[in-house]
Amino acid sequence: MHKAAATDSETYVGQRILRYEDETLLRGRGKFVDDLPVAKGTLHAAFLRSPHAHARIRSIDVSEALKQKGVKAVVTGADIRPYTKPLIVGFKNPMDYRGIAYDKVRYVGEPIAVVCATDRYRAEDALKHIKVEYEPLPAIVDPVKACDEGAPVLHDEAGSNRVSRRVFTHGEPDHAFEKAANREEITIRYPRNSITPMETYGIVAEYQPDTGGYDVLSNFQGPFSVHAVMAIALKVPGSKLRHRSPPNSGGSFGSKLTIFPYIVVLAVCSRIAGRPVKWIEDRLEHLSAASVAPNRVTRIEAAYDDDGTVQAFRMEHWDDHGAYLRAPMPAPIYRMHGLSTNCYRIPNVRVINNIVMTNKCPTGAVRGFGGPQLYFAIERLMAKIARKLDRDPLDLMCHNLIRADQFPYKAPAGAHIDSGDYQKVVADSIAQGGLEELRKRRDAARAQGRLYGIGFAAAVEPSQSNMGYISTLKTAEEREKAGPKDGAVASCTVSVDPLGSVSVVGDSTPQGQGHQTTLAQIVADELGIDIGQITVNLETDTQKDNWSIAAGNYSCRFAPASTSAAKTAAERVKAKMAAIASTYMNVPAEELLFKDGYIQTRANPENRMEFRRVGGLAHWSPSSLPDNMDPGIREVAYWNAPELTPTSAQDEINTSLAYGFAFDFCGVEVDRDTGTVKIDHYVTAHDCGTILNPGLAEGQIRGSFASAVGASLYEEFVYKEDGTFLSGTFADYLIATAPEAVDPVLVETVETPSPFTRLGAKGIGEGNQYTTPVCLANAVADAIGYEDITMPLSPSKVFEWVNGDEPLPPTDTESEGAEGVDRVDYSGDALKGSGETVVPASAESVWNTLLDPDEMAAIIPGCKSLERVSDTHFKGVVSMGVGPVRGTFDAVIRLNNLKLHESAEISGTLEGSLGSSSGTGFLELVPSGDGEVCVRYRYAIHLSGTVASVGGRLLSGAARALVNQFFRALIKRAAPNAPDSGGGWMRKLRTKIGGKS
């Protein structure tokens, strides 16, 4: 049990209080979406998703799916449209997005139809009975190429994949470049990644016909500005869209912001089905189609003096937001706009922002929210300038840092950086982190011929977003027409019950950060009571709780905003209780002290009343209250900072309220023979203003660092050039786990409280997302002397940087040179193979077997039926799978360039709910003199959809096994009297199937 504050100076805030939440979570008593009971008759949803990156939907036939046992509704994009409007974003654009495909699919994994059945198993099984006819279209995945003329256009009505281009000029950058003694430029490609939570999306939606509204339970995290987006899309008043959150949410890191399109779709499903509908996202769905950080290409140029003073930046960004914009996108790039010069006193900057659509999963919020992409470019450029000047990179950084006497500092793009002492943070890091010893270690390693490098990175860490920053993408004229957007309202309710216990209801929706503990600390300090008397509830219910459009948990909002609202509400409770107590104690209210569960006079501690008694009076005896005082004690505070102003006419925006500072350095060793990057020593320092709870602050730092290590070394969502998704499992999308964990040195450094928040607190949950990737990249660059560093720092990639590209092995076409091979499509990441086998039968017998539908149906693995459309055209149904993924596919096979009994070209497609594939091959029959024929073959297979994204590691082996199985069956059908084993022909089976290149 925690002791109550004994004196004015002995407060809970600042203490390492154990989290209230842990008792419940560690005992497995948490209540998540899937743990909560649902109404009788609730249906379960399963989504049919696109196997194509880009295709026109010619038809959808759900009739067979509707006949399946337990299926109550199958909902398509056409069914959704009468009940919805497009989901809006922060600027006008012609894209019509409603959370489910209608006329086209634009990324692998896009929802096409929803089956609502009595259980999830039946819903999943019914998906395979939905027949979709596609017309595949060219895809585009590179954001720079997507802006080219002639690139495939995702949204015809937009006319271009670049849906927004804005040019911002702050100061006089062109003049600075004209005068500059030096210029340096670098281009950065920052990849797609995410931070995958333990708990995926979860929704229970119910249409309420009596009101025409909807009741939704989900683990949506906010911001609740998106509540208005959902209400508009569902064509109901906001008051008729009730959204509730569960007591617990199993992580998010930003991803659960973009659950809202699924809420809209499932709400309409409930309306059509006439029952509540529940959906729990599976891991494959989450990896392929939930939410990712936008990949970005940045070209950045600096103008600088001979002494290293940077005078100007010019940068252009291509921000890849995938197939659709989902509110609040394209927020990441604009959230960071005011900080386009990072922590440096650079007076001039020009920024060009291109918002680009590609055939990938749409983007959303990911921890760091636009910062990692920006700071990676800036800090890599600063390191390059230092190298050009033959100067220590840390010395160059410190030379350009904002000075302590310059705060509050107005950055040229508009950020009003509230407080800091960056030089002190750096000095503390050097002293506590052992930089000099690390440099000696590097020298010793290099003397032994090892690859060892040191990297540095610094970043301003924004917190409590200005809700008006997204309007910066509009022109000044457009903003004036739309009206001002600014601020970030937080709310909190504090109440005292008749027995004197205290309840706190906040507007944050945490996913494990410890917000309940922190709010209890703040209120306990203000009211002078034991923290155990306080209950904090952070479940939300939009129909009865206080909230604003800024409510939720995102962008380090809690420490600056939610705590300020809690302190304000607690102060109002305190003022009311002091007014009640003063009438009984005959002293002015301002002379009263709340301490140790009592309200007492400062001059005479014996003159006191129990806190619980004063609280009870407001309930039990309203007539005894001071005149004009309302009974009960319940105070609601709405808090907003006046420093969060609208975007200026000059496009300047103070994008956040409070700004912390993070500084890192590290030592890494690169294995010359494997390319493995080993983090040898890592030091990280953070000034986050007033530290509310050191234990929670350290937890945020370690958590951010762990996820940043994953982003740096392992994580990347990979797409082929045709838009095929290849990272659908944790075997393909690698994350940092316990064995990869590194324990950083946490520096104890200065606290510079924010003058703009009630407690001086700033956010701390994102700092290492900004610094760690580029700190490690700078260290690797220092170790190997290579400039074009891209994330993640995978061993294969680093090996190539160190040793140069290895020559590719000769392809089948080069090594074999057989007739017809040139017509096999080996492009891209095709699964390629070749081989030969001897069949103890004549060429004519083998040829006839291959062209007989009944014989082929018996030979093709998993073939259920095969019918002849023409002499060279066959259609059928095939059941097959890779690893855990199995499904039924419609097959089409065509034979071309037939040479009777000699050779044929074969092309085919498979289409099913789990994906699609297309393949080309060449078959040659070469008779031998002893009544046998040698069957030679080559093939290339292209896959997309679930099969490609989940089975990438297994496909090569699966292809080998299937081809072996096919030829064994061919031998048995063409030569039924041949022995099964031990015969001479078996020894001549020489299959040599090649794997994926």
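A. Broad picture of the packing of aromatic side chains. What the rule picks out here adds up to 23 aromatic pairs. On the basis of an interplanar angle of 70° and a centroid distance of 5.4 Å, the ring pair of Phe220 and Phe224 is categorised as edge-to-face. Aromatic side chains Phe456 and Phe665 sit 6.2 Å apart centroid to centroid with 45° between the ring planes, which places their arrangement in the tilted category. Of this pair, Phe456 sits in strand β18 (residues 451–465) while Phe665 sits in strand β26 (residues 656–670), placing them 209 residues apart in sequence. Every member of this aromatic cluster is reached through a ring pair, and the members are Phe47, Tyr201, Tyr262 and Trp279. Here the basic side chain of Arg314 rests over the ring of Phe177, its NZ or CZ set 3.7 Å away from the ring centre.

B. Local environment of the nonpolar core. Within the largest apolar cluster, 164 residues are counted, with the highest numbers of intra-cluster contacts made by Leu266, Phe313, Ile417, Phe663 and Leu793. Judged by nonpolar contacts, the second largest core, of 52 residues, contains Cys492, Ala581, Met629 and Ala641.

C. Spotlight on the sheet that holds strand β4 (residues 104–105). Spatially, β4-β2-β6 is the arrangement adopted by the three strands of the open sheet, whose pairing is antiparallel. Two strands close off the open sheet at either side, each with one partner strand: β4 and β6 (131–136). Two strands pair when backbone bridges link them, and strand β2 (residues 55–61) and β4 are joined in this way by two bridges, in the antiparallel orientation. The residue of β4 that forms the bridge with Arg56 is Lys104.

D. Focus on the pairing of strand β22 (residues 592–595). Where β22 and strand β23 (residues 598–601) come together, four bridges link them in antiparallel fashion. Each bridged residue has a counterpart across the sheet, and for Leu592 the counterpart in β23 is Thr601. Between β22 and β23, which pair antiparallel and follow one another directly, the connecting turn spans two residues, one of which, Asp596, has a positive phi of 55°.

E. Spatial organisation of the sheet that holds strand β27 (residues 677–687). Pairing within the open sheet is mixed, and its four strands lie in the order β18-β26-β27-β28. Where the open sheet ends on each side, the last strands, each with one partner, are β18 and β28 (745–747). Neighbour-to-neighbour, the strand axes of this sheet turn through a mean angle of 20°, independent of strand direction. Pairing geometry for β18 and β26, over 14 bridges, is antiparallel. The residue bridging Ala457 from the neighbouring strand is Asp664, located in β26. Where helix α12 (residues 422–433) meets the sheet, its contacts fall on β18, β26, β27 and β28, and the angle it forms with β26 comes to roughly 30°.

The rules behind each value
- Residues numbered from 1 in each chain as written.
- Predicted model: local features only at pLDDT ≥ 70, side-chain atom pairs only at ≥ 80, totals over all residues.
- Heavy atoms only, no water.
- Phe/Tyr/Trp six-rings, centres within 6.5 Å; stacked < 30°, edge-to-face > 60°.
- Helix = DSSP H or I, 4+ residues; strand = E, 2+ residues; numbered from the N terminus.
- Lys NZ or Arg CZ within 6 Å of the ring centre and 35° of its normal.
- Core = buried A, V, L, I, M, F, W, Y, C linked by side-chain atoms within 4.5 Å.
- Buried < 20%, exposed > 50% of the residue type's maximum accessible area, 1.4 Å probe, protein only.
- Pairing = 2+ DSSP bridges.
- Axes fitted to C-alpha atoms, helices over the stretch in contact; angles between N-to-C directions.
- Contact = heavy atoms within 4.5 Å.

In short, shape yes, function no, at least from these values alone.
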